[in-house]
Structures are given as structure tokens and as C-alpha cells.
Amino acid sequence: MYDYLVVGSGLFGSVFAHQMKQAGKYCLVIDRRNHLGGNIYCENIEGINVHKYGAHIFHTANREVWDFVNKFVQFNRYTNCPIANYKGKLYNLPFNMNTFYQMWGVTTPEQALAKIEQQRAIARQTIKGEPQNLEQQALLLVGHDIYETLIKSYTEKQWGRPCAELPAFIIRRLPLRFVFDNNYFNDPYQGIPIGGYNKLIDALLDGIETKTNVDFFEHRDELTGVAKKIVFTGPIDQFYDYCYGHLQYRTVRFEQETLNMPNFQGNAVVNYTDSETPYTRIIEHKHFEMFGVAVEQCQKTVVSREYSTEWRPGMEPYYPINDERNSAIYARYRHLAEAETSVLFGGRLAEYKYYDMAPTVERALDLSMKEICN
Ligand code: FAD
Ligand code: UDP
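Note that this is a predicted model, so its numbers are computed, not measured.

A. Summary view of the site of ligand 1. What surrounds ligand 1 is a group of 30 residues, the closest being Asp31, His56, Arg348, Tyr355 and Met357. Within the backbone of Ala55, one N or O atom sits 2.9 Å away from a nitrogen atom of ligand 1. One of the backbone nitrogen or oxygen atoms of Tyr355 is found 2.6 Å away from an oxygen atom of ligand 1. Here ligand 1 loses 97% of its free accessible area of 990 Å² to cover by the protein chains. Of all elements in the fold, only helix 1 (11-22) and helix 13 (357-373) reach the threshold of two or more residues within the shell around ligand 1. In terms of residue class, the shell around ligand 1 is made up of 15 nonpolar, nine polar and six charged.

Okay, here's the thing in C-alpha cells:
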């Protein structure tokens, strides 16, 4: 008899199982995929760690979480500085003095602010009060030029909906700065595990029993009996047999290519912000872990083009769509989950919430602490 059956070996399940093992509990971790690690899993191709389920950059302002992950693996100095390609012209992201210089030729913060204020004033002529959607929010935040060049088409490709129908908060995630600083995040701690994310997962799950290629739902009856409690990190609607309907997601199709050249685009992330290019971005994986001469020393490179599409059953669920319909359905599943005494739900799919890695670690640490104190 195990103390916990952990369904899903992603970051949530792995952190939880590790903490419980430290507390002397006996866990079995299963995953339906043929590998451990969930979406942070990397495949090594030509000596390059390829982020199989999309680019993952660890960043946090939480010192406790940063110290926790650094106990298992050292992080490198990678700082995310994506480039935007709009019809062949390149711009720095997030929106900062470099972007404003490239957009308008302005060279001082005063000039940049004046330009943005001018465009905000035009937006305020038609938008009264609080912004009601992403389009209004973007126009009030950065004005027409940046909205049209760097936001509108990228966002509509990513979400498959007009900006005027998307919630305003999505765009508030991006920093707006009047300094020459291309760091995409405001967090003080950032990096990629040296040697890749698998090292982190392997260290977390060291000494814990794991089984891959095991789908909980295919063995539900027998698995339910093997442990005192279940920690479920898969989709919550599936756990309840979709009794209130399917939750919706956006998903991403990755078109991966190994190229016979050392350096394809000179940066890990290039976003294509025009509407004509069908993909949203190209990731060149080696730049997450290889810097300076190391880039040229590795003769090959691996790139992934990301195509954002609507999720359908059978596809990988990636981005929860937190609109009214889905939030209402999730609330009903949550209500069922709260009544469970021997099943705990956690992580991105079970909580139907877009958690970055650091908040995922934080949530798993919290849940394990609650269990230890119980
Ligand atoms: P997951 O990693 O999804 O793990 C859940 C696991 O459960 C999976 O392995 C799955 O196979 C397994 N499972 C599900 N159902 C069953 C079942 N029935 N039986 C057995 N096993 C099952 N975060 C960042 O901080 N920085 C980033 O740059 C970043 N980029 C991202 C890019 C993309 C495209 C996506 C989708 C996410 C990104 N994230 C990023 C978020 C990050 O992936 C998550 O925070 C993290 O993976 C959440 O871990 P999890 O364990 O909750 O979920
Ligand atoms: N965004 C954009 N242009 C870009 C990058 C991002 O308009 O070049 C918008 C887009 O709407 C996206 C949001 O900013 O959903 C948040 O960006 P982030 O990089 O945080 O997206 P995610 O992590 O969700 O992929």
C-alpha cells in the first residue's frame, strides 16, 4: 500500500512526490506518456536539449522557490530576450527603449513617452473608462503603432480570436519600460537548468517508484486501491468523466527541424508578429544553453515552428481558456473536487489554470506541507 498515488510526473507531481518522500511517505508516480517530466521534458538531439512541449524559461521573484530548484540543479545565465519579426523588420521585445527607437527613431525616454502619450490620447477619444478587451487595453497602454505591428496579429494567431474579444489582462503580462532593457521578465531570478530540465525531474524523483506508459483511466479501479490517497495532476474534467462538459484549451503544433548549420536565427525566440506568417514563433533550442563560441562549435541546430490551434479531444491541452463558459464549468468540477476526502488535485490541468513553472512548484510545496501537517 502506497501513501500516495501521484498521477502525472510533471513538475507538480514530481515536487509533491519528492517532498512526501522526504517526510517518510511512500509514493508511486505514474504517467501516461513514455517519459517523465510532463511538459518540461527535453529530448537530446545532436547534443542540444530540445524543449519538446514548447520553450520553457524558469523565472521567479520567489526566493524560496528559486532556492528549492537550485538544490537539485544549477541554473545558467539565460535571460529571455525575444525578437519580433514584422514583415522582415526586427524589433526588440518586451516594449522598451530599443523597440521605440526601432519603431520611431526616438532616442530618449522623454521622446518615447511623448510619442506614446500622443497615441494614447487618440485612443482615449473613442475608448471611455476602463478597457473592455485586449484591443482597447493595448491601445491605451502603448498606442496604435505598437498594437498594429507587434500585438494584433500575433495575439490573434495565438488565441484564434479577435483582440476585441479577448480579456484585457493578457496583454498586461508584458512589461513596458522606458529603459534599454530587453529582458522579457521583471523577475530577479531566471535561467535554464544546466544540462536541461530532465536533470531537475530526475533529481526530484530520485529513489521514488515511477511507471510510464500508464494511463490512470485505463486502470482506474485497480490503481484507486493501491494508495491511501491520490494526487491527480491530469485534466479535472476527465477525472469526472466530462459530466459537466469539456473544458477548452488552446494547443500548439510544433514543426521541428534539425538543420545542418550552427546558427539559424541568432536567438532562442523569434516571434512572427504579422498575419501572413502562419506560425507564431520559431524557437532555436541551442541558444537556451549554448552561449558565445559554443554556438558555432556545435555544427547542427534544431528549430521548432509553433502553430497555435484550437484544442480538440485527443490533442495535448496547453493553454486554459479562462472565459466565462469555461470558468463556470471549472467551478462545478472544483465543487466536486472539494468534497473528495482521498483525492487531491493540483497543477495546471487539474486546477485549469495557466501556471508558470515557479507557481507550480510553489503550489506543490504548499500542498505537500499541508499533507505533512495533517
Ligand atoms: P504537466 O507538465 O502538464 O504534467 C502533467 C502530467 O500528467 C503530464 O506528464 C501528463 O502526461 C500526465 N497525465 C495527465 N493525465 C494523465 C493520466 N490520465 N494518467 C497518467 N498521467 C497523466 N512555464 C514557465 O515558467 N516558463 C515558460 O517559459 C513556460 N513555457 C510554456 C510553454 C508552453 C507551450 C506551455 C504549454 C507551458 C509553458 N509553461 C512555462 C508552463 C509549464 O509547462 C507548467 O507550469 C508546468 O509544466 C506545469 O506542471 P504540471 O505538473 O502541472 O503539468
Ligand atoms: N504578445 C504579443 N506580441 C508578442 C508577444 C506576446 O502581442 O510578440 C501578447 C500575446 O497576446 C500573448 C501575451 O502578449 O498572449 C502574453 O505574452 P506571453 O509571452 O506571456 O505569452 P505566453 O507565455 O502566454 O505564450
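Having put the structure on the table, let's press on.
B. Inspection of the sheet that holds strand 14 (residues 301-310) at higher detail. Read from one edge of the open sheet, seven strands run 7-6-12-13-14-11-15, paired in mixed fashion. The sheet terminates laterally at strand 7 (89-92) and strand 15 (319-320), the two strands that pair on one side only. Bridge analysis of strand 6 (residues 83-86) against strand 7 gives four bridges, and the strand direction is antiparallel. Counterpart to Ile83 in the pairing with strand 7 is Asn92.

C. The packing of helix 3 (residues 97-104) against helix 6 (residues 144-159), seen in detail. In the contact formed by helix 3 and helix 6, the axes pass within 11 Å of each other and the chain directions differ by 100°. Between helix 3 and helix 6, the interaxial angle falls into the category roughly perpendicular. Contact with helix 3, carried on its side by Thr99, Phe100, Met103 and Trp104, involves Asp145, Ile146, Thr149 and Leu150 of helix 6 and no other residues of that element. Split into classes, the residues belonging to the contact of helix 3 with helix 6 amount to five nonpolar, two polar and one charged.

D. Just the packing of aromatic side chains, in detail. Applying the stated rule across the entire model yields 30 aromatic pairs. Aromatic side chains Phe58 and Trp66 sit 6.1 Å apart centroid to centroid with 40° between the ring planes, which places their arrangement in the tilted category. Given the relative accessible area of 0%, Phe58 is considered buried. Consider the rings of Phe217 and Phe232, whose centres lie 5.8 Å apart with planes at 70°: the pair is edge-to-face. Linking Phe217 in the loop between strand 9 (209-211) and helix 9 (220-224) with Phe232 in strand 10 (residues 227-232), this pair joins segments that are 15 residues apart in sequence.

E. Structural detail: the site of ligand 2. Taken together, the neighbourhood of ligand 2 is formed by 16 residues, with Leu150, Thr155, Arg173, Tyr184 and Asn271 sitting nearest. Between Tyr184 and ligand 2, the recorded distance is 2.6 Å, taken from a side-chain N or O atom to an oxygen atom. Here an oxygen atom of ligand 2 sits 2.9 Å away from a polar atom, N or O, in the side chain of Asn271. Summarising the interface, the protein chains cover 91% of the accessible area of ligand 2, which totals 510 Å² for the free molecule. Where the shell around ligand 2 is concerned, the elements lending two or more residues are helix 6 and helix 7 (169-172). Partitioned by chemical class, the residues of the shell around ligand 2 number 11 nonpolar, four polar and one charged.

F. Highlighting unusual backbone geometry. In this chain, Leu93 is followed by Pro94 through a cis amide linkage whose omega measures -10°. If you trace the backbone, Pro94 turns up in the loop between strand 7 and helix 3. Positive phi outside glycine occurs at Lys87, with the angle close to 50°. Relative to the helices and strands, Lys87 resides in the loop between strand 6 and strand 7. For Asn213, which is not glycine, the phi dihedral falls at a positive 60°. As for its placement among the helices and strands, Asn213 is situated in the loop between strand 9 and helix 9. The exposed category is assigned to Asn213, whose relative accessible area is 54%.

G. Expanded view of the pattern of salt bridges. According to the stated counting rule, one finds 18 salt bridges in the structure shown. Two residues, Lys229 and Glu371, come together in a salt bridge whose shortest N-O distance is 2.9 Å. Linking Lys229 in strand 10 with Glu371 in helix 13, this pair joins segments that are 142 residues apart in sequence. Notably, a salt bridge pairs Glu255 with Arg253, separated by 3.4 Å at the nearest N-O pair. With a relative accessible area of 35%, Glu255 lands in the partly exposed category. On the basis of relative accessible area, Arg253 is assigned to the partly exposed category, the value being 42%.

H. Molecular detail of the nonpolar core. Formed by 44 residues in total, the largest nonpolar core has its most connected members in Leu11, Phe58 and Phe288. For this core, the secondary structure elements donating two or more residues are strand 1 (2-7), helix 1, strand 2 (27-30), helix 2 (63-70), helix 8 (197-204) and helix 13. Apart from the residues within four sequence positions on either side, Phe58 is in contact with Val65, Trp66, Val69, Phe75, Tyr189, Gln190, Gly191, Tyr197, Met357 and Ala358.

I. Examining the environment of Leu247 more closely. Examined against the element boundaries, Leu247 turns out to sit in the loop between helix 10 (236-239) and strand 11 (249-259). The exposure class assigned to Leu247 is buried, which follows from its relative accessible area of 0%. In the structure, Leu247 is positioned 64 residues away from Trp311 in sequence and 9.8 Å away in space, judged by C-alpha atoms. Beyond its immediate stretch of four places on either side in the chain, Leu247 contacts Ile236, Asp237, Trp311, Asn326, Ile329, Tyr330, Tyr333 and Tyr352.

Basis of the calculations
Residue indices begin from 1 for each chain and proceed along its sequence in written order. Chain letters and ligand numbers both follow the written order, the letters beginning at A and the numbers at 1. Per-residue local features of the predicted model are confined to residues with pLDDT of at least 70, and side-chain atom pairs are confined, for both listing and counting, to 80 or more; whole-chain, interface and lining totals are unaffected and use all residues. With hydrogens and water stripped out, all remaining heavy atoms of the structure feed into the side-chain values. Proximity is defined per residue: any heavy atom of the residue falling within 4 Å of a molecule or strand makes that residue near it. In protein, a polar contact means a hydrogen-donor-capable atom and an acceptor-capable atom, both N or O and within 3.5 Å, with residues adjacent in sequence counting only if both atoms are side-chain atoms; elsewhere, any N or O pair within 3.5 Å suffices. Only the protein chains shown count as cover for residues, and all accessible areas are computed by the Shrake-Rupley method using a 1.4 Å probe. Segments assigned H or I by DSSP are reported as helices when at least four residues long, segments assigned E as strands when at least two residues long, and all are numbered from the N terminus. When residue character is reported, Ala, Val, Leu, Ile, Met, Phe, Trp, Tyr, Cys and Pro are called nonpolar, Asp, Glu, Lys and Arg charged, and the others, Gly included, polar. When DSSP finds two or more bridges between a pair of strands, those strands are recorded as paired. Axes here mean lines fitted to C-alpha atoms, for a helix over just the part in contact, with angles spanning 0 to 180 degrees between N-to-C directions. When an angle is under 35 degrees it counts as roughly parallel; over 145 it counts as roughly antiparallel; between 65 and 115 it counts as roughly perpendicular; any other value is oblique. Residue contacts are counted whenever heavy atoms from the two residues lie within 4.5 Å of one another. Any Phe, Tyr or Trp ring, taking Trp's six-membered ring, that has another such ring centre within 6.5 Å forms a pair; planes under 30 degrees apart are called stacked, those over 60 apart edge-to-face, and the others tilted. With a 1.4 Å probe rolled over the protein chains alone, any residue whose accessible area is under 20% of its type maximum counts as buried; one over 50% counts as exposed, and the rest are partly exposed. Any carboxyl oxygen of Asp or Glu within 4 Å of a side-chain nitrogen of Lys or Arg constitutes a salt bridge here. What is meant by a nonpolar core is a set of buried Ala, Val, Leu, Ile, Met, Phe, Trp, Tyr and Cys residues, joined one to another through side-chain atoms within 4.5 Å.

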